[in-house]
Protein chains: 4
Amino acid sequence: MTSGDAAANSGPAAPGDTAADVGLLAPVRAGTAVENATGDAAYVRALLAAETALVRAQESLGHAPAGTADTVASAAADATRFDVRSLALRARSGGNPVIPLAADLTAAVAERSEEAAAHVHRGATSQDILDTAAMLVASEALRLILADLDRAAAALALIAAEHRDTPMAGRTLTQHAVPTTFGLKAAGWRSLVLDARDRIAAVLDTLPVQLGGAAGTLAAFAAFAEPAEPVADELRATDRDTGLSLVAAYADATGLTVPPLPWHTLRTPVADLAGALAFTAGALGKLAADVLVLSRTEIGEVSESTGGGSSTMPHKANPARAVLIASAARQVPALAGILYGALAAEDERPPGAWHAEWQPLREALRTVGGAADAAAALAEGLRAHPGRMRANLGATGGLIVSERLTAVLSARMGRATARTAVTGGAARAARERIPLHEALAQDPALAGIVSPGELATLTDPSGYTGSAGLLVDRALRRHHDGGTVPE
Amino acid sequence: MTSGDAAANSGPAAPGDTAADVGLLAPVRAGTAVENATGDAAYVRALLAAETALVRAQESLGHAPAGTADTVASAAADATRFDVRSLALRARSGGNPVIPLAADLTAAVAERSEEAAAHVHRGATSQDILDTAAMLVASEALRLILADLDRAAAALALIAAEHRDTPMAGRTLTQHAVPTTFGLKAAGWRSLVLDARDRIAAVLDTLPVQLGGAAGTLAAFAAFAEPAEPVADELRATDRDTGLSLVAAYADATGLTVPPLPWHTLRTPVADLAGALAFTAGALGKLAADVLVLSRTEIGEVSESTGGGSSTMPHKANPARAVLIASAARQVPALAGILYGALAAEDERPPGAWHAEWQPLREALRTVGGAADAAAALAEGLRAHPGRMRANLGATGGLIVSERLTAVLSARMGRATARTAVTGGAARAARERIPLHEALAQDPALAGIVSPGELATLTDPSGYTGSAGLLVDRALRRHHDGGTVPE
Amino acid sequence: MTSGDAAANSGPAAPGDTAADVGLLAPVRAGTAVENATGDAAYVRALLAAETALVRAQESLGHAPAGTADTVASAAADATRFDVRSLALRARSGGNPVIPLAADLTAAVAERSEEAAAHVHRGATSQDILDTAAMLVASEALRLILADLDRAAAALALIAAEHRDTPMAGRTLTQHAVPTTFGLKAAGWRSLVLDARDRIAAVLDTLPVQLGGAAGTLAAFAAFAEPAEPVADELRATDRDTGLSLVAAYADATGLTVPPLPWHTLRTPVADLAGALAFTAGALGKLAADVLVLSRTEIGEVSESTGGGSSTMPHKANPARAVLIASAARQVPALAGILYGALAAEDERPPGAWHAEWQPLREALRTVGGAADAAAALAEGLRAHPGRMRANLGATGGLIVSERLTAVLSARMGRATARTAVTGGAARAARERIPLHEALAQDPALAGIVSPGELATLTDPSGYTGSAGLLVDRALRRHHDGGTVPE
Amino acid sequence: MTSGDAAANSGPAAPGDTAADVGLLAPVRAGTAVENATGDAAYVRALLAAETALVRAQESLGHAPAGTADTVASAAADATRFDVRSLALRARSGGNPVIPLAADLTAAVAERSEEAAAHVHRGATSQDILDTAAMLVASEALRLILADLDRAAAALALIAAEHRDTPMAGRTLTQHAVPTTFGLKAAGWRSLVLDARDRIAAVLDTLPVQLGGAAGTLAAFAAFAEPAEPVADELRATDRDTGLSLVAAYADATGLTVPPLPWHTLRTPVADLAGALAFTAGALGKLAADVLVLSRTEIGEVSESTGGGSSTMPHKANPARAVLIASAARQVPALAGILYGALAAEDERPPGAWHAEWQPLREALRTVGGAADAAAALAEGLRAHPGRMRANLGATGGLIVSERLTAVLSARMGRATARTAVTGGAARAARERIPLHEALAQDPALAGIVSPGELATLTDPSGYTGSAGLLVDRALRRHHDGGTVPE
């Protein structure tokens, strides 16, 4: 190995520079809004928002002097005090980034007010802050995903309506089966996108705040709120009220919901996110899988708008967005599996299951977000090529309608005889390179059974699309917001 | 290797005997109702029910003579005609078991009526039948799971109420943190079980029938329903109505719901099952993980009722049910991942993604079902040992309440001084093997700050359980049916 | 819901009948040899072989009277004494099937000899027997898989050799890129199959026996071998030797290897199986993925031998085996993930991680085995259609060789000018529907740069297959047994 | 929600800042050497090394003028020309980062030499460069992992030797079973670490270069190397040699191996990495799982060196490193599953499967690397507490040796009688709170059968550790380098 080339891979570098993931290996989300909303800096902002909101909630209950929260908010807003990489590095010894963050925030607040500093992170456990921050980040990411799913659904609705009756080959196990319509295919894509939208929206509505203190009893919040005077037993009931009131106030201060219980090891919110995100990745993956098939050089029935196609070959273009979406669909189910697995978390705060959630949850949010962004662009720019669809329908010389022919002829001459006639016609058509209906018209067994005109009608793929149009109509009556238009 | 021993592993045997999985490697579900409901024989019954219901639906629309469905039902009920292993073997060449099943059913019906036989499987594709059957099987399995989750939740509610104020050590990262109560822990387990119940019930309500024909257009059903006379173009609208009407009638005949579109490659129902099952496995896995920790010989705070404990050691017993539940929680997320991955299915019917669903879906249903059965028994028989809980609370010589002490003393003497006092007291308590409050009472720095009596109160773990009781009360107001009792 | 149809899904039935999985949902392995080798009955045979071999090993060290092992073997051979379903049902309370099996075996031996019965399972823990049995089963399954991989590799070698120079379109991101050869593609398939073979064979060579007793110290085997006289301390060294000697004798009696340590919670053998099986599933999945693409109606470059094609359309056939293999490739990585996850098993024997291995390991063995069987048949029967390959090469009107044209012309007229000429020629070819070389020959800019004859040569795809032939030659020199033929 | 707090989560920010992952959510690897070695900047350096090495290889074959590679290397070394975030953003449209990187490199070289610029990336496809770079990155990461595994193994060897005969409770299904030794446990940890080492080292030895051009035929490299004169058919054989020679020269220039075939869709190297990394994560996860159990407050048999324990409670410390390792073990199997799944990649370069590998492979490398770093520190600092081990051995009042007692007494008085005696003695010991051997000594049935002194010996847990010491000795003879010391 030549030293100059080898050296390029092992030179010294500042840690912060070289360790970062800035999207180089994840084009599916590089540069998207959701990527920004889920970066480490976004998490630090959310952590600071969670710390600030906690003080605000405590202040609202009279557990901190008026103005304390504003002082904390002011310190938290000073971005120069919170170095993301430094926080990451200092997180290792204690196992989570809230420990150094709370220290930095306390120090920054102390410069403004020693008294206010004493209220930073008071009574909280690291997980209270990190879980709440994760829900804030997830909330923002889900909103972005919803918007992109809406864009995709709207674009697919237009395609479904426009191509409601555009016939194309229905394909099963890679082979032509019977005709369908491009509108029905697009309506199916949209249906899955709306299913994903429903699941994302349902989770978004329920993202809870986390607050429990070290073991989820909220005891420390009451302890710190205890008066300086001796504690009598009869005061305890009130102490406990402190905890529930504080959770409500915290939810109010963050915009998140009140959970039924502290959920340090009751991970419903994270598991629900896992399910919704895996679903969405898969739903978009179906769209991508179809676009990849239909874009194949030999098929050429659709193409992406900006796939780099040449003017001379309108149906030739790299399906670049579908590729990225497909890459997302292959990753997210496994990430969701990690998150579902983390439900089985022992004790009041678990040794590993919680820590295993952080990176997969973020990765799932931004991978799905990037896929949704790509899907919206893909749907908005997708070009259909009905001519190629029509040409491909003819690839089997009429066999794509043999099901119908057999059905109709069976009713008139029995199934066995009908099958013989259709098979014989197909053989003749292939041998003589003539249309199937012409071949059949030459079969004496069919004389008097079916006319040449009816044979032409029966072998026209566009006449054998069944309920496709009505299915499209029904599917399009489903609204983005979950409602349906009355028929 | 001695030939006699070696031979035991390679002797010839009838295929059907030796290939079967009858639960030997899956004690988590062996012998449970859900195992029976999801076995191959149950699938065959469901397949036959799906075929019969389709004929019944067609008959209800006048597409088959009156009585046809009854004839089919009669043939389908003759179990001697449908050999499960034979169907499995004949499924391989075509890739699915509906092909031989439809052939066997047709033959059995033909013995009763040739005319009726012509209506068996008419217009359907294999996936119409297999997907519908899978939904019937899933429906039954989910009902069994719901019943077991209800049993578990009811038992856990009793525990939570009984132990509302039973103090125990709260544990974080494997270490004692601050006190909690066993009631709060049980309420948390129940909360997760009810979350699982909600998710299972929601999916159960929406399981759809599958009907679309070869490419999901329902075209063949109309074709077969076409009159023997020549087909005119103006009849097509009506033809298409045939499809939608048939889906409704099919849903009616099976008790399943009408899907928005044929879902051969729009796998929302399967993905939703995946999510609900992975959630449930994880939720029960949390219960099991805690029971396994608390059952440890050194901890001994709970034991399973029938774990084989001796009369001399009431807290000693193998947590056998928790072990089985834990084994389920480790498997189902990965199975769900396969199912989520299958969303990305190309074409109108996919070459592999669909086939990859069958075994993992069944395995997930029965593994979760077995875990729910075990969890119900575990919860109903769980024995708590408050004496051990109390004893373990003392394991750290009072340090488990140091958070509270520091909080209270900080308010009186400043945080730094308070920490010094608490640390010093803990050291003295450990050195002199005396209770923490006695050690602190000897500290001159605390004279006048806190009385010995208050110190005893402040170091009593049972007095530092925060809002645990109120949280239990609130959690118990949540009902099995999703509603809550007003406060 | 009509009661008759509904009832079909919920009727009473004997447990053993309806709970069984006999392959209905797994056509990929239904009826294969590996399915039989991995069924519950095969596991019971292996469990009995493990129990018998342990007695034989003990007898060989003089810890049991001569003839004891033969008596045990005789009882173990009486299949009527071991009901697989009964064992499965009785396994639930204790969490594993060895407990009831050892009881049944002891009872059967006792009928022959009470003294021999006392030696059954003596000193062993359930996991000693079950892990050893799993290795025996895996050993048999891997042998079957190896044989099928060899068949597949041999068939693919023939294809690669026959089509060493058969040109076809190389496809990237679904689009035609530059030409390749079908031989190179087949050589690649074979290369992966041989990689899989190497990994399976390496694991097969190392499958170990399991023996450790309750906590892996082998103490009980020595204790039971202790003389009836008082135990003196100086005897202990000998006692311990008993353990290691017994492991060696046990390995000898089973044909498995001696592990470095008891591996109850050191799961290297299972993890290695996971990796080899996931690899093999993926390797065969690549073959299937390509066959599925190349079988598409519009592409038609290959077809399966018995895919149900009609005589009139030789290239039309359902790729049924490829579908089954593809379904396997989607499942096994997730199963392997469960097994890798089980490495993190606490204590001397773990509460759940071990139990979670059993079903996924078996499912992985038989799913991969079924896929290997299907792949062998697929490879042996695969039909190539060079005419379609050639026709498809022309689908882009010569653009598939534009890379070469640009390369050659760049050397003569500069890259920019060359690109302009090629792009212009492609546009003209598409517009006038003439071959690319004719279009280029009309470009005055190329006059004197390149002759019409050279243009025809340069635009012939079969002349632009690079090192494909030599790569095939080199790949075919690699032998099944891991060696290579010298060039 | 108070606006100030809300704003903290949604403020505008420069994309590059906020999208980055700098380790905040991954303390397991934050700040480790392997994190730097696998960051996006490291990938860019590796991509540039791959591009440079390709030119050097071409130059070595005379396909580029002498000095070209040095010119390219010089341009590649100018870090100011390659903005990682910009490359990531520009990667999205084409789907991979090599396209913009090659453009930037070409531009940078062109400033030095237009002629040299024409040789940048000549004949290569993006995947040639990205795969080669990924192998260079993996190579560096594996070296770092190996070093940490060696450190861990060395530290564990010392522990195993020191505690060869330190008795502790063997635990099965969370319950005390029979005694074992801490040395045997440590030897088991080391055995798994060495197994991981072997698997990592085996993969490291085989990481191959990637080179094939657009469809893996190496055709373009020959085309660009073709002379300016007309191409005659007889030259082709030579042309093809160009490809194979170039692969060899490229391997030489990078230090990687020559693959049997271009592996754009033959992903053996990536799958092998997946297996070795999943194995290593699980192996370290076993160590962590045990440390977590043994660190529990109630057990306290080990503690991490710097877990923040207080001087008053030497066995109390947060097992922070074990927590991080456990979090890794929960993630990597799923990431490996994605990579195994990507084996099933269609065509010559696949639409999604390849793209889905990048992020999971990097994440697996750095997560395992971080876990190995933590494991080395954990092993080097682990403190054992033999006193607690001894105390815990007594937790069951002698029942932990009942297996031995039963074995010895059975030989003298029959199994049934022996069991009765042991059970009775245990009951008496528990009732009277006396040692088991004293209780048994009072049993008249044992008089003359066993002496009080022998009873004391037989109930001493340290005398019932079987072959533990010899197993430790044997395990320690295995060397880091795979060899073993002769006995």
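The structure under discussion appears in the preceding block.
Residues numbered from 1 in each chain as written. Chains lettered and ligands numbered in written order. Predicted model: local features only at pLDDT ≥ 70, side-chain atom pairs only at ≥ 80, totals over all residues. Heavy atoms only, no water.

Peer 1: I'm lost on the relation of the copies chain C and chain B in this one. Help?
Peer 2: Put simply, the second copy of the chain is the first one after a rotation about an axis and a shift along it. With an RMSD of 0.0 Å, the fit of chain C onto chain B corresponds to turning through 180 degrees and sliding 0.0 Å along the axis. This pairing of chains is accounted for by a two-fold axis. Take the interface residues of chain C: 99% of them recur as interface residues in chain B, which is what a same-surface contact looks like. (Least-squares fit on C-alpha atoms with pLDDT ≥ 70 in both. Contact = heavy atoms within 4.5 Å.)

Peer 1: Please clarify how the pairing of strand β1 (residues 167-172) of chain C should be interpreted in this entry.
Peer 2: Regular strands place side chains that alternate from one sheet face to the opposite one. Residues and elements named next belong to chain C. A large share of β1 lies buried, amounting to six of its six residues. Across five bridges, β1 lies against strand β2 (residues 175-181) in antiparallel orientation. Residue pairing in the sheet places Met168 in a bridge with Thr180 of β2. Two successive antiparallel strands, β1 and β2, enclose a turn made up of two residues, where Leu173 displays a positive phi of approximately 50 degrees. (Buried < 20%, exposed > 50% of the residue type's maximum accessible area, 1.4 Å probe, protein only. Helix = DSSP H or I, 4+ residues; strand = E, 2+ residues; numbered from the N terminus. Pairing = 2+ DSSP bridges.)

Peer 1: Sorry, what's going on with the environment of Asn318 of chain B here?
Peer 2: Residue and element names in this part refer to chain B. In this structure, Asn318 sits in the loop between β3 (302-303) and α14 (320-341). Residue classification places Asn318 among the partly exposed positions, given a relative accessible area of 31%. In the structure, Asn318 is positioned 131 residues away from Ile449 in sequence and 49 Å away in space, judged by C-alpha atoms.

Peer 1: Even after reading the chapter, I still don't get the pattern of salt bridges, so can you show me in this structure?
Peer 2: Opposite charge on two side chains permits them to pair, given that their charged atoms come into close proximity. Taken as a whole and judged by the stated rule, the model has 120 salt bridges over all chains. Asp150 of chain C is the salt-bridge partner of Arg197 of chain C, the closest N and O atoms lying 2.5 Å from each other. Pair noted here: Arg197 of chain C is in helix α10 (residues 182-204) and Asp150 of chain C is in helix α9 (residues 126-162), with a separation of 47 residues, a long-range link. Judged by its relative accessible area of 15%, Arg197 of chain C falls in the buried class. A salt bridge links Arg478 of chain C to Asp198 of chain C; its shortest N-O distance comes to 3.0 Å. Remark: Asp198 of chain C occurs in helix α10 and Arg478 of chain C occurs in the segment after α21 (468-476); sequence separation between them is 280 residues. A relative accessible area of 14% places Arg478 of chain C in the buried class. In the salt-bridge network here, residues are joined through shared partners; they are Asp21, Arg29, Glu35 and Glu363 of chain A together with Asp40, Arg85 and Arg362 of chain D. (Salt bridge = Lys/Arg side-chain N within 4 Å of Asp/Glu carboxyl O.)

Peer 1: It is not clear to me how the interface of chain C and chain B should be interpreted in this structure. Could you clarify?
Peer 2: How large an interface is tends to be reported as the accessible area lost when its parts come together. With 90 residues of chain C at the interface, the matching set in chain B holds 89 residues. For the pairing of chain C and chain B, the buried interface totals around 7200 Å² over both sides, and the portion due to carbon and sulfur atoms is 56%. Our count for the chain C to chain B interface comes out at eight salt bridges. Between Arg362 of chain B and Asp21 of chain C there is a salt bridge whose closest N-O contact spans 3.6 Å. Summed over the shared surface of chain C and chain B, the number is 33 residue pairs in polar contact (both at pLDDT 80 or more). Listing elements by their share of the side of chain C that touches chain B, those giving two or more residues are α2 (15-19), α3 (33-37), α4 (40-60), α6 (84-94), α9, α12 (236-254), α14 (320-341) and α15 (355-381) of chain C. In terms of residue count, α4 of chain C provides more of the side of chain C that touches chain B than any other element does, 12 residues in total. Looking at side-chain class alone, the side of chain C that touches chain B contains 48 nonpolar, 22 polar and 20 charged residues. (Buried area = accessible area lost by both parts, 1.4 Å probe. Polar contact = N/O pair within 3.5 Å; in protein donor to acceptor, adjacent residues only side chain to side chain. Nonpolar A, V, L, I, M, F, W, Y, C, P; charged D, E, K, R; others polar.)

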